[in-house]
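Each chain, letter by letter, is given below.
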Amino acid sequence: MAKDYGGSPKPHQLDMKRKRLTWILAVSGLCVLFYVFGAWQGRSPTPSSQSDLSSKVGCDDVRTGGQGNRDVPSSSAMNQDALDFESHHELSVNSSQDIEKFPPCDISYSEYTPCEDQQRSKKFDRERFKYRERHCPTKQELLRCLIPAPPNYKRPFKWPQSRDYAWYANIPHKELSIEKAVQNWIQVEGDRFRFPGGGTMFANGADVYIDDINALIPITDGSIRTALDTGCGVASWGAYLLKRDIIAMSFAPRDTHEAQVWFALERGVPAMIAILSSKRLPYPSRSFDMAHCSRCLIPWPDYDGLYLIEVDRVLRPGAYWILSGPPIRWQKYWKGWDRSKEDLKQEQDSIEDVAKRLCWRKVIEKGDLAIWQKPINHVECLKNKEMYAQPEMCKTDSPDAWYRDMEACITPLPEVSNPNEVAGGALQKWPERAFAVPPRVSSGSIQGINAQKFQEDSELWKERIVYYKSLVSDLPQGRYRNAMDMNANLGGFAAAMMKFPVWVMNVVPANTQPDTLGAIYERGFIGVYHDWCEAFSTYPRTYDLIHAAGVFSLYQDRCDITYILLEMDRILRPEGTVIFRDMVEVLVKIKSITDGMRWNSKIIDHESGPFNPEKILLATKTYWTA
C-alpha cells in the first residue's frame, strides 16, 4: 500500500491559507452573531440581501489577497442560480502563485491501471495467476501527472444507445473483434464498435440466453436483484439483465483479452478489474442473489474447490449459481473444446462433489445450462458435516474483511430458530427492497445504525438529490451514466438516484467502521470495499459522476490526498463532474489542488443555507486530450 503522509501544497502556503481562512470564518461568525442579536432585539429578521447582512459589520471588506480563481463548472453541469459560498463569504480560495500545476503524463500512460500494471505484474508469482491480482505502486512509483485521453476522444453514447455502441477512438483496440469474431462479442463498424450481444455460450444473443435461464429459475419476479458475473467478457450478460431490473457486478482480469472490462464500462454497464486467484473478492458475504460463469475458464474444482467456496461466501442464502460452457454438456462439445471425454467428465464430477460439500442443491441441468442453489440456512449442512468433513466451517469472525487470503472453509450463515427460516433475514422483492430496512440493520448487526436512523438517512438523501439536481442540471437528461459514491455509508445516494438513468458503484472505505456494504447489497445495490490510499481497479475515463461525501476528512491523515485527487482525475471522463461534500476548510484544501488539475470548480453553500459549516464543492474536469 502506497502511502504518503503530509499534503501536497508547501507547508508555509498551507499555514498562510489556514490563517486567512480562520480570519474569514471569524469575521463571518461575527456576521451571524450580529444577525441573531438583531433578530432578538426585534429588528428586521431578514436583511433584504446578503450584502445588507455583510455590510453591517464590514464583511464586504473581507479579502484573502489576490484575485483568486473564479472558474466554475460549465453551464451544462451547474445551475448558476445555486447558493454560492463565495458570494456569501467573499472568499477567493486560491491565488495563482499557490497552485501546483500538474502536467499531462506521457501518452503511453493513456490506459494506465496503477494496481494492475502489466509491466509491474511480471515481477510476481504466476502460480494461480497471482501476478494478475492487485499489485499497487510504491510511494516512489506514484505518478504526479494527469492521465491523458487519446487523441479524438469523444463523449460516450448516451444510455441506452451505449449498450450497443462505443467510439473506436475512445478504446482503440480491435483485438477482441478479431479473436471473438464468431462469438459476436464485438464488431468494428467504421469509427465505432458495435456490441451485438453475443457471447461464447450464447451465440443467439444474451436476450435469448437470459430467457433460457428464466425458464428454469424465476429471475424476473423481483426476488433476484444483484448478480455476479465471473469472467464477464464485454459484460453483455449484465447489459441485458438491466432491462429486467437486475444489476450485475461483472469482473474480469486485465489479461490477453485486452480491454474487456473497459468496453463494459464504456457501454454503461457495471464492471471492474478483478480475478479469482488467492485473495478474497472485494465484496461482503451474503451479497449476491445469483452468480454466473459462461465459459469463464475458472478452474472450479482445483485447490479443493477454493473458488467455489469463495463464490459460496458472497452468495446470499437461497441464491443460485449458473454454469454454462466446459464441462457442461461435454458429450456434445468435447471435440470443439479440444479435450477428452474422460477429462471433461472428471471435471464435472469434481464440481458436483464440491457443490455437495457446500450443501448446494442441484436445481437442474438442461441444454447448455446447469444451476445449483445455496441453502437458505445451515441447519441441514451442519448435520451433513458427519458425511462431508471437508471443507469445514470457518472459525473466523471476519467474513467480510477486505483483501484477505481466501480460506478453504465454508462461511457459516447466521443461526436460525427453525429449518424454514432464511439465515440473516428474508428480503423484500425489488423495488420495495431499495427502501425497506435491511436485515443487517434491523438485527442490530451494524454498530450505531438502527431502523430509525436508516429511514432518516433515506429521507435525507432524497432531499439532497433534489438539491444536486438544481446544481447539476443535466443529471436527469442521461448526460451521466456511470456514477461512483466514494463513501457510500448506507447507500442513500444510490437509492435516491434511482429515478435517473444511472447506476452507482457504492464504495465503502476498507477497514473503517461501521461496515455498511452488506446492507447496501441487501437494499439491491452493488459496491466494493476499497482503500482510497490506493488506486481503484478500473480503467481510465470510466466514470461520468463521482460523489465524495466526507471522504477527505476521513483520509487526510492517512495518506496524501493529492494522490486521491489524481486518481479521481484518472477515472473521471473528460467533462465529468465531481460533487464533494465536506467541511469548508477541507474543501478549500481540495480546491487548492484541483485548480492545478485542469478542473473548473466552485464552493457552494449547503442545501440548508450559508450558515451550515459543511459545504459543497462542485467540480468539472475540462476536455483535453494528448
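The model shown is predicted, which means the values in this text are computed figures rather than measured ones. (Residues numbered from 1 in each chain as written. Predicted model: local features only at pLDDT ≥ 70, side-chain atom pairs only at ≥ 80, totals over all residues. Heavy atoms only, no water.)

**Thoughts on the sheet that holds strand β7 (residues 288-294)**
And then number 1: Spatially, the 7 strands line up as an open sheet ordered β6-β5-β4-β7-β8-β10-β9, and their pairing is mixed. The sheet is open, and its two edges are formed by β6 (271-273) and β9 (361-366), each paired on a single side. Strand-to-strand twist across the sheet, computed as the mean angle between neighbouring axes with direction ignored, equals 20 degrees.
And then number 2: Looking at chain direction, β9 and strand β10 (residues 369-373) are connected through 5 bridges and run antiparallel. Its bridge partner being in β10, lysine 366 is matched across the sheet by leucine 369.
And then number 3: The strands touched by helix α6 (residues 206-214) within the sheet are β7, β8 (315-324) and β10, with β10 carrying the most contacts at an inclination of about 45 degrees. (Pairing = 2+ DSSP bridges. Helix = DSSP H or I, 4+ residues; strand = E, 2+ residues; numbered from the N terminus. Axes fitted to C-alpha atoms, helices over the stretch in contact; angles between N-to-C directions. Contact = heavy atoms within 4.5 Å.)

**Observations concerning empty space enclosed by the protein**
And then number 1: One pass over the structure, following the stated rule, counts 5 cavities of 30 Å³ or more.
And then number 2: Its boundaries defined by the atoms lining it, the second largest cavity holds a volume of some 210 Å³.
And then number 3: Lining the second largest cavity are 19 residues, and of these Arg134, Ala274, Pro282, Tyr403 and Ser537 sit closest to its centre.
And then number 4: For the lining of the second largest cavity, the element with the highest residue contribution is strand β13 (residues 527-530), accounting for 3 residues. (1 Å grid on protein atoms, 1.4 Å probe; cavity = no way out; pocket = protein on both sides within 12 Å on 5 of 7 lines; lining within 4 Å. Points joined across faces, edges and corners; volume = space filled by probe spheres on them.)

**Remarks on helix α9 (residues 302-314)**
And then number 1: Compared with the 18 Å implied by 1.5 Å per residue over 13 residues, the 19 Å span of α9 between its first and last C-alpha is a close match.
And then number 2: Where burial is concerned, most of α9 is hidden: 10 out of the 13 residues are buried.
And then number 3: Taken together, the buried positions of α9 are Gly305, Leu306, Tyr307, Leu308, Ile309, Glu310, Val311, Asp312, Arg313 and Val314.
And then number 4: Contacts made by the buried residues of α9 are with β4 (226-230), β7, β8 and α11 (341-357). (Expected span 1.5 Å × (residues − 1). Buried < 20%, exposed > 50% of the residue type's maximum accessible area, 1.4 Å probe, protein only.)

**Focus on the side chain of threonine 411**
And then number 1: Here threonine 411 is to be found in the loop between α12 (379-384) and α13 (439-442).
And then number 2: Given a relative accessible area of 12%, threonine 411 falls into the buried group.
And then number 3: Here threonine 411 is in contact with Ser285, Arg313, His378, Cys394 and Pro399, once residues within four sequence places are set aside.

**Considering the sheet that holds strand β16 (residues 599-604)**
And then number 1: Across the sheet, 7 strands lie side by side as β13-β12-β11-β14-β15-β17-β16; this open sheet has mixed pairing. Among the strands making up the open sheet, the edge pair consists of β13 and β16. The sheet shows a mean angle of 15 degrees between the axes of neighbouring strands, direction not considered.
And then number 2: Inspection of the sheet shows β16 paired to strand β17 (residues 614-621) by 6 bridges, in the antiparallel sense. The partner of lysine 602 across the bridge, within β17, is leucine 618.
And then number 3: Of the strands in this sheet, β14 (543-549), β15 (572-583), β16 and β17 are in contact with helix α14 (residues 451-471), which crosses β17 at around 45 degrees.
And then number 4: Packed on one face of the sheet, helix α19 (residues 584-594) meets β15, β16 and β17 and runs near 155 degrees to β15.

**With respect to the state of the cysteines**
And then number 1: Applying the stated criterion across every chain, the model contains 6 disulfides.
And then number 2: Between the sulfur of cysteine 105 and that of cysteine 145 lies a disulfide, 2.0 Å long from S to S. Handedness here is read from the sign of the S-S torsion; for cysteine 105 and cysteine 145, about 100 degrees, the answer is right-handed. Placement of cysteine 105 in the loop between α3 (85-89) and α4 (118-121) and of cysteine 145 in the loop between α4 and β1 (165-167) is noted, with a sequence separation of 40 residues between them.
And then number 3: Taking the relative accessible area as the measure of exposure, cysteine 105 reaches 6% and is therefore buried.
And then number 4: Using a relative accessible area of 16% as the deciding quantity, one classes cysteine 145 as buried. (Disulfide = S-S within 2.5 Å.)

**Some points on the confidence of the model for the protein**
And then number 1: Averaged over every residue, the pLDDT of the protein is 87; residues scoring 70 or more account for 83%.
And then number 2: A low-confidence stretch, residues 1-14 stays under pLDDT 50, and its non-local contacts, those more than four residues away or across chains, total 32 contacts.
And then number 3: Overall, residues 21-73 carries pLDDT values under 50, and its contacts beyond four positions in sequence, including any with other chains, amount to 69 contacts. (pLDDT = per-residue confidence, 0-100.)

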